[in-house]
Amino acid sequence: MYRLLIVDDEPMIVEGLKAYILTADYPFSAVDTASNGREALEQMEKQPPDMLITDIRMPQLDGIGLLSAVREREWGTKVIVLSGYNDFEYVRSMAVLGIENYLLKPVNEEELYATVSATLKKLDNEQALQMKEQLNADLIRENIINRWLYGSIGENELIERAEFLDFTLEAASYQPCIIRLLGTNEDKDPALLRCADRFFPGTAAATMPAITRETSLPFTAWMKRIPRRIPFPFF
């Protein structure tokens, strides 16, 4: 779902556009309005919309000033401009800053529908691309960390690759994890044994105490025996 902001100093135009947008089959979770560019910018500072429909000639802050502020803040908002017949030079100035389309007043409903639909499709495509890029980044990160866990690369190389790929090895919170290797050492995966012994020396051959109420050795005391060998979290 997307957010839309409509900006115009003519109340009838604002209310008319909002009513049309709300009755059309658009995936907007919110349709907000503002009467001038300054009021719109104050709203956008709190929560930038995905799409902006704005007039050019407005008091306090006109459409060009509003679009310039939006681009300076790099919000990525898609902008559709409303213009009069004598606003061509203004439209050209705004086109340089990046707009999806300009609509002449009075606004034609079919043209508005086509423009908003095309802009929404562009937002969908960009969102899908971002999700794909994030998925690829997650797979690369997981592969690098798995290679480090199994000893294919050292700690320094892990840190270098993390810095190169711009992902952090630190987290705001941690999830502790205990792995118990069942069976005899002959039955266990050698790579898993090496991994366990690398971070918890001696635990590959040791037996973890059963966690019961009758356990004579408190579990927390057993955990304190494990040396802190890992300076950053698992993922």
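To start, this report covers the structure provided alongside it. (Residues numbered from 1 in each chain as written. Predicted model: local features only at pLDDT ≥ 70, side-chain atom pairs only at ≥ 80, totals over all residues. Heavy atoms only, no water.)

1. A look at the layout of surface pockets
Over the atoms rolls a probe the size of a water molecule, and in doing so it shows where empty space is left. Quantified by volume, the second largest pocket comes out at close to 200 Å³. Considering the residues around the second largest pocket, the lining is formed by Y2, P48, P49, D50, W75, G76, T77, L123, E126, Q127 and Q130. Broken down by element, the lining of the second largest pocket gets its largest block of residues, four residues, from helix α5 (residues 109–149). (1 Å grid on protein atoms, 1.4 Å probe; cavity = no way out; pocket = protein on both sides within 12 Å on 5 of 7 lines; lining within 4 Å. Points joined across faces, edges and corners; volume = space filled by probe spheres on them. Helix = DSSP H or I, 4+ residues; strand = E, 2+ residues; numbered from the N terminus.)

2. A short note on the side chain of S83
Along the chain, S83 falls in strand β4 (residues 78–83). Classification of S83 as buried rests on a relative accessible area of 1%. Ignoring anything within four residues of it in the chain, the contact list for S83 reads I56, V91, Y102, L103, L104 and K105. (Buried < 20%, exposed > 50% of the residue type's maximum accessible area, 1.4 Å probe, protein only. Contact = heavy atoms within 4.5 Å.)

3. Overview of the environment of E126
For E126, the location among the structural elements is in helix α5. Residue class for E126 comes out partly exposed when judged on its relative accessible area of 32%.

4. What to know about the packing of helix α2 (residues 37–46) against helix α3 (residues 63–72)
Relative orientation of the contacting elements α2 and α3 amounts to 20°, with a least axis distance of 9 Å. When the axes of α2 and α3 are compared, the pair comes out roughly parallel. Note on packing geometry: the crossing formed by α2 with α3 is right-handed. On α3, the residues touching G37, A40, L41 and M44 of α2 are L66, A69 and V70. Its residues assigned to classes, the contact of α2 with α3 shows six nonpolar, one polar and no charged. (Axes fitted to C-alpha atoms, helices over the stretch in contact; angles between N-to-C directions. Parallel < 35°, antiparallel > 145°, perpendicular 65-115°, else oblique. Left-handed = near helix turned anticlockwise from the far one by under 90°. Nonpolar A, V, L, I, M, F, W, Y, C, P; charged D, E, K, R; others polar.)

5. Description of the pattern of salt bridges
This structure, assessed with the given rule, holds seven salt bridges. With a closest N to O distance of 3.0 Å, D55 and K105 form a salt bridge. In this pair, D55 sits in strand β3 (residues 51–55) while K105 sits in the loop between β5 (101–104) and α5, placing the two residues 50 residues apart along the sequence. Taking relative accessible area as the criterion, D55 reaches 4% and is therefore assigned buried. Taking relative accessible area as the criterion, K105 reaches 17% and is therefore assigned buried. The network of salt bridges with common partners includes D8, E10, D55 and K105. (Salt bridge = Lys/Arg side-chain N within 4 Å of Asp/Glu carboxyl O.)

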